[in-house]
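Chains, contacts and geometry: an overview
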Amino acid sequence: MGHEDPSIRLLDHLPASLADDAAELYLSALADKLTPVYGNGWRARKALADGFNRRMCIAALDRERLIGILGIQTDTAEFMNVTLGGLRQFYGTAGSLWRMALLSVLHHAPLTGEAYVDGVAVVQDYRGRGVGTRLIRALDAWATGQGLAMLSLEVVDANPRAEKLYRHLGFQAVREQTVWPFSTLFGFRSSTVMIKPLI
């Protein structure tokens, strides 16, 4: 295992002061999924940040800078806690309705005992430095501590590097699913569902 940078620390929550930074990071790293729904700019950042459940994530900080975040979803709580009312204040009634419909295409409903990775995002200049690995390992420890039985995630077909990392960390592919007929909108055709049993 490589040397871990001692200046990088992990938190089991997202500090309120970093919610806007987390939204910007999510929108950048997960653009294929989120830009068609939220768009870009201040409204997208605020709408996303407003819906975060800051207790359902693991955040990586280098000193006080947010450099990575992993959202967590279980059958009882989720990091991206999107509601129609929450979207309405930023996009109006009609705009929030079609956005909720698009989000339903991407939605995963975890089973009891499952911790689903609701997105992993790492700042560009920290990629390849083990931050994503540390976030996944921290999730593993968190889920084990919660008595959960399985980790799960989805990796899009446009990201083979991430799939390779997840396989290295013990995840196995169980099925492929398509986002047709929305593939041209989202910028990817399919995703692979991967799981890692914990018990």
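Whatever comes next refers back to the structure up there.
So, a few notes on the structure that sits alongside this text. (Residues numbered from 1 in each chain as written. Predicted model: local features only at pLDDT ≥ 70, side-chain atom pairs only at ≥ 80, totals over all residues. Heavy atoms only, no water.)

Counting its regular elements, the protein contains 7 helices and 7 strands. In the protein, the succession of α and β elements from N to C terminus is β-α-α-α-β-β-α-β-α-β-α-β-α-β. A globule of 199 residues ought to have a C-alpha radius of gyration of about 16 Å, and the protein, at 16 Å, matches this closely. With respect to the three principal axes, the spread of C-alpha positions in the protein is 50 × 40 × 30 Å. Residues classed as buried in the protein amount to 49% of the 199 residues present. Sequence separation of at least 24 residues holds for 72% of the intrachain contacts in the protein that already meet a minimum separation of 6. Carbon and sulfur atoms provide 52% of the accessible area of the protein, an area that totals close to 10100 Å². Positive and negative side-chain charges in the protein, numbering 21 and 20 respectively, have mean positions lying 3 Å apart. (Helix = DSSP H or I, 4+ residues; strand = E, 2+ residues; numbered from the N terminus. Rg over C-alpha atoms; globule rule 2.2 N^0.38 Å. Buried < 20%, exposed > 50% of the residue type's maximum accessible area, 1.4 Å probe, protein only. Contact = heavy atoms within 4.5 Å. Areas by Shrake-Rupley, 256 points an atom, 1.4 Å probe, with all protein chains shown as cover. Lys, Arg positive; Asp, Glu negative; His and termini not counted. Charge placed at Lys NZ, Arg CZ, Asp CG, Glu CD.)

Turning next to the packing of aromatic side chains. With the rule as written, the count across this model stands at 4 aromatic pairs. Judged by centre distance (5.9 Å) and plane angle (75 degrees), the rings of Tyr-26 and Phe-52 are edge-to-face. Here Tyr-26, found in helix α1 (residues 19-29), pairs with Phe-52, found in the loop between α3 (42-50) and β2 (57-62); they are 26 residues apart in sequence, far enough to count as distant. A single burial state applies to Tyr-26 and to Phe-52, both of which are buried. Ring centres 4.2 Å apart and planes at 15 degrees place the aromatic pair Phe-52 and Phe-79 in the stacked group. (Phe/Tyr/Trp six-rings, centres within 6.5 Å; stacked < 30°, edge-to-face > 60°.)

Quick look at the pattern of salt bridges now. Using the criterion set out here, one finds 6 salt bridges in the structure. A salt bridge links Arg-9 to Glu-64, with the shortest nitrogen-to-oxygen separation between them at 3.0 Å. Of this pair, Arg-9 sits in strand β1 (residues 8-11) while Glu-64 sits in the loop between β2 and β3 (65-73), and the two are 55 residues apart along the sequence. We classify Glu-64 as exposed; its relative accessible area is 58%. The partner of Lys-46 in a salt bridge is Asp-20, and the shortest N-O contact between them spans 2.7 Å. One end of the pair, Lys-46, is in helix α3; the other, Asp-20, is in helix α1, with 26 residues separating them in the sequence. Of the residues examined, Asp-20 reaches a relative accessible area of 32% and is grouped as partly exposed. (Salt bridge = Lys/Arg side-chain N within 4 Å of Asp/Glu carboxyl O.)

Looking now at the nonpolar core. By size, the foremost hydrophobic cluster in this structure holds 58 residues, and its most contacted members are Leu-14 and Tyr-38. Considering every element that reaches this core, the biggest residue donor is α1, with 6 residues. When near neighbours in sequence (up to four residues on either side) are disregarded, Tyr-38 contacts Leu-27, Ala-44, Ala-47, Leu-48, Met-80, Val-82, Leu-87, Tyr-91, Arg-99 and Leu-103. (Core = buried A, V, L, I, M, F, W, Y, C linked by side-chain atoms within 4.5 Å.)

Turning our eyes to something else, we now look at the environment of Tyr-126. With respect to the secondary-structure elements, Tyr-126 resides in the loop between β4 (114-122) and α5 (131-145). According to the relative accessible area criterion, Tyr-126 is buried, its value standing at 8%. For the pair Tyr-126 and Glu-154, spaced 28 residues apart in sequence, the C-alpha to C-alpha distance is 22 Å. In this structure Tyr-126 touches Ile-8, Asp-62, Arg-65, Ile-67 and Val-131, once residues within four positions along its chain are discounted. Within the local environment of Tyr-126, its side chain forms a polar contact with the side chain of Asp-62, the two groups lying 2.5 Å apart. (Polar contact = N/O pair within 3.5 Å; in protein donor to acceptor, adjacent residues only side chain to side chain.)

The terminal C-alpha atoms of α5 lie 21 Å apart, and with 15 residues this matches the ideal 21 Å at 1.5 Å per residue to within 8%. For α5, every residue scored as buried is listed here: Val-131, Gly-132, Thr-133, Arg-134, Leu-135, Ile-136, Leu-139, Asp-140 and Ala-143. Positive phi appears at Gly-147, one or two residues downstream of α5, with a value of about 75 degrees. (Expected span 1.5 Å × (residues − 1).)

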